[in-house]
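For reference, the chains in residue letters:
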Amino acid sequence: MSAGNGVATIRRSPDVAHRIVDGEAVIVDPSTQEVHILNETGSFVWSLADGSMTAGAMAQRLSDAFEVDAETALKDVEELLATLTSKKLLVAEGGT
Amino acid sequence: MQIVISAEPDSGAAIPVIQDSTHSLVVQTEHYAGRMDWEAGLAKFNVQPGFEPFGRTNAFRIVRTVLAYREGGFVLHAGAAMKNGEATLFCGPSGAGKTTTLSRLARPILHDDLVCIHPSGSRAHGLTDSRPLAWAPVALEGPRYPVHAVFVLAQGEKSRRERLSPARAVADLLLRPQVEGAAVTPDQLMERMLRFLERVPAFKLTLNLSDLIEPFLEEATA
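Predicted, not measured: the structure shown is a model, and the values here were computed from it. (Residues numbered from 1 in each chain as written. Chains lettered and ligands numbered in written order. Predicted model: local features only at pLDDT ≥ 70, side-chain atom pairs only at ≥ 80, totals over all residues. Heavy atoms only, no water.)

## Concerning the overall build of chain A
Here is the rule we go by: To qualify as a helix, a DSSP run of H or I must reach at least 4 residues; to qualify as a strand, a run of E must reach at least 2; elements of each kind are numbered from the N terminus. In this description the radius of gyration comes from C-alpha coordinates, and the expected globular size is given by 2.2 Å times residues to the power 0.38. Note on classification: 1.4 Å probe, protein chains only; a residue is buried when its accessible area is under 20% of the maximum for its type, exposed when over 50%, partly exposed between these limits. The criterion used for residue contact is that any of the two residues' heavy atoms lie within 4.5 Å. Values of accessible area rely on a 1.4 Å probe in the Shrake-Rupley scheme; residue burial ignores everything except the protein chains shown.
Counting secondary structure elements, chain A contains 3 helices and 6 strands. Taking 12 Å as the expected radius of gyration for a compact globule of 96 residues, we find that chain A reaches 12 Å, a close match to that expectation. Overall size of chain A, expressed as C-alpha extent along the three principal axes, is 35 × 35 × 20 Å. For chain A, the proportion of its 96 residues judged to be buried stands at 40%. Contacts in chain A between residues far apart in sequence, at least 24 positions, make up 55% of those at least 6 positions apart. For chain A, the accessible area works out to roughly 4900 Å², and carbon and sulfur atoms hold 48% of it.

## Considerations on the nonpolar core
A general tendency of soluble globular proteins is for nonpolar side chains to be buried together. In plain terms, the rule: The set of buried Ala, Val, Leu, Ile, Met, Phe, Trp, Tyr and Cys residues whose side-chain atoms join them within 4.5 Å is what this entry labels a nonpolar core.
Ranked by internal contacts, the top residues of the largest apolar core, which has 41 residues, are Val-26 of chain A together with Leu-89, Val-150, Leu-174 and Phe-196 of chain B. Beyond its immediate stretch of four places on either side in the chain, Val-150 of chain B contacts Leu-89, Cys-91, Leu-173, Phe-196, Val-200, Pro-201, Ala-202 and Phe-203 of chain B.

## Comments concerning the packing of helix 3 (residues 166–174) of chain B against helix 4 (residues 186–199) of chain B
Residues and elements named next belong to chain B. Going by this rule: Here an axis means a line fitted to C-alpha atoms, over the contact stretch when the element is a helix, while the angle between two N-to-C directions is reported on a 0 to 180 degree scale. If an angle is under 35 degrees, it is roughly parallel; if it is over 145, roughly antiparallel; if it lies from 65 to 115, roughly perpendicular; otherwise it is oblique. Should the near helix be turned counterclockwise from the far one by less than a right angle, the crossing is left-handed, whereas a clockwise turn marks it as right-handed.
At a minimum axis separation of 10 Å, helix 3 and helix 4 run at an interaxial angle of 125 degrees. Classed by the angle they form, the pair helix 3 and helix 4 counts as oblique. As helix 3 runs across helix 4, the sense of the crossing is right-handed. Contacts from Pro-166, Ala-169, Val-170, Leu-173 and Leu-174 of helix 3 reach helix 4 at Leu-189, Met-190, Met-193, Leu-194, Phe-196 and Leu-197.

## Some remarks on the packing of helix 2 (residues 55–66) of chain A against helix 3 (residues 70–86) of chain A
Residues and elements named next belong to chain A. Selection rule: Residues are grouped as follows: Ala, Val, Leu, Ile, Met, Phe, Trp, Tyr, Cys and Pro are nonpolar; Asp, Glu, Lys and Arg are charged; every other residue, Gly included, is polar.
Two numbers describe how helix 2 lies on helix 3: the axes approach to 8 Å, and their chain directions differ by 125 degrees. With respect to helix 3, the axis of helix 2 lies oblique. With respect to the hand of their crossing, helix 2 and helix 3 are arranged in right-handed fashion. Here Ala-55, Gly-56, Met-58, Ala-59, Leu-62 and Ser-63 of helix 2 come into contact with helix 3, specifically with Ala-70, Ala-73, Leu-74, Val-77 and Leu-81. Across the contact of helix 2 with helix 3, the residue classes break down as 9 nonpolar, 2 polar and no charged.

## Here's the deal with the environment of Pro-177 of chain B
Residues and elements named next belong to chain B. Within the element layout of this structure, Pro-177 appears in the loop between helix 3 and helix 4. By relative accessible area, Pro-177 is classed as partly exposed at 23%. Separated by 100 residues in the primary sequence, Pro-177 and His-77 place their C-alpha atoms 5.6 Å from one another. For Pro-177, the contacting residues outside a window of four places in its chain are Tyr-69, Val-75, Leu-189 and Met-193.

## Focus: the packing of aromatic side chains
Under the convention used in this document: Any two of the Phe, Tyr and Trp rings considered here, Trp counted by its six-membered ring, make a pair once their centres fall within 6.5 Å; the pair's planes then place it as stacked at under 30 degrees, edge-to-face at over 60, or tilted in between. Whether a charge lies above a ring is judged from NZ of Lys or CZ of Arg, which has to be within 6 Å of the ring centre and within 35 degrees of the ring normal.
With the rule as written, the count across this model stands at 4 aromatic pairs over all chains. Pairing Phe-44 of chain A with Phe-66 of chain A gives two aromatic rings, centres 5.4 Å apart and planes at 80 degrees, and the pair type is edge-to-face. Here Phe-44 of chain A is found in helix 1 (residues 40–48), whereas its partner Phe-66 of chain A is found in helix 2, with 22 residues between them in sequence. A centroid spacing of 5.7 Å and a plane angle of 20 degrees characterise the contact between Phe-90 of chain B and Phe-151 of chain B, whose relative ring orientation is stacked. Linking Phe-90 of chain B in strand 7 (residues 86–91) with Phe-151 of chain B in strand 12 (residues 145–155), this pair joins segments that are 61 residues apart in sequence. For Phe-90 of chain B, a relative accessible area of 0% gives the class buried. Joined through ring pairs, the aromatic side chains of Phe-90, Phe-151 and Phe-203 of chain B make up one cluster. The ring of Phe-203 of chain B has Arg-163 of chain B lying over it, and the distance from NZ or CZ to the ring centre is 5.5 Å.

## Details of the interface of chain A and chain B
The condition that has to hold: Reported buried area values correspond to the accessible surface (1.4 Å probe) lost by two parts on association, with both partners' losses combined. Every case where a carboxyl oxygen of Asp or Glu lies within 4 Å of a side-chain nitrogen of Lys or Arg is listed as a salt bridge. In protein, a polar contact means a hydrogen-donor-capable atom and an acceptor-capable atom, both N or O and within 3.5 Å, with residues adjacent in sequence counting only if both atoms are side-chain atoms; elsewhere, any N or O pair within 3.5 Å suffices.
Residue-level contacts link 12 residues of chain A with 13 residues of chain B. Summing both sides of the interface, chain A and chain B together bury roughly 1100 Å²; the carbon and sulfur share of this comes to 74%. At the junction of chain A and chain B, the tally comes to 2 salt bridges. Our count for the chain A to chain B interface comes out at 3 residue pairs in polar contact (both at pLDDT 80 or more). Elements supplying a minimum of two residues to the side of chain A that touches chain B: strand 2 (17–21), strand 3 (24–29) and strand 4 (34–37) of chain A.

## With respect to the side chain of Thr-9 of chain A
Residues and elements named next belong to chain A. With respect to the helices and strands, Thr-9 occurs in strand 1 (residues 9–12). What makes Thr-9 buried here is its relative accessible area of 19%. With near-sequence residues (within four places) excluded, Thr-9 lies in contact with Gly-51, Ser-52, Met-53, Thr-54, Val-91, Ala-92 and Glu-93.

## Describing the environment of Leu-90 of chain A
All names here are of chain A. Its location among the elements puts Leu-90 in strand 6 (residues 90–93). Residue classification places Leu-90 among the buried residues on the basis of a relative accessible area of 3%. Residues Leu-90 and Asp-15, 75 residues apart in the sequence, show an inter-C-alpha distance of 9.7 Å.

Laid out in structure tokens, this is it:
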């Protein structure tokens, strides 16, 4: 399932620990013993990943918040979601 | 909590076992077997003859590490040096220069490998497994000291020090915990480290090991 297929909603994996610290998301994956830090826009997207939003909806929020055009926002969101889902930090639900 | 260590031949299991429960923690390896009874405040270990002092050192390390987590603190894989009654911590990956840094400082060493961070957030004590041990109950508590600063070490051509953002600092510390058993979840560990970092400044210290180290430490609080 692709995180960016336009239908799937995105949520944070229940298997990771995470905090937003001074605007930066710190994510711990116990299964790999890896710690990830996201930049400001990545952290913004991470904070939206509560299972209620699609990639498109996230991109719209990103576009509004950071004043970037919709096309760029969608491309950035899809790239980030692809990376984080491949690492199993995010999970895509629903869609095809 | 007191710890009692014996040395009796034992045909115990060779498979490491750690069972953590509300009342006790059981540890069994091919080198030693132990049981920590929280209600009685007593830990008993039997170390296989021939595995001293390795087995004894590890028994102490396990008990003290588990206790630190149960008390709401955590344990860092870090060295600690003392100055003016405060501990300065040095952590980093293997080869980053922890041992070299400690050896070049004109400061008493609290511990060269493991440091307990007290739940109060900024007090530390070393996991003192090098103290003289006797075949008798030994109290586990040691003196605790405020933490002055944490330095995450790296080696480089030019020595420099930079303040770590809270996110970077907690990420670096999360790569350096010492955990025994199922004493803490990653979420709890992150929460405890963040509480600690609210009170203690953290820096990345890149060192050319031919440079003097002390000036970089002093500037940390200037």
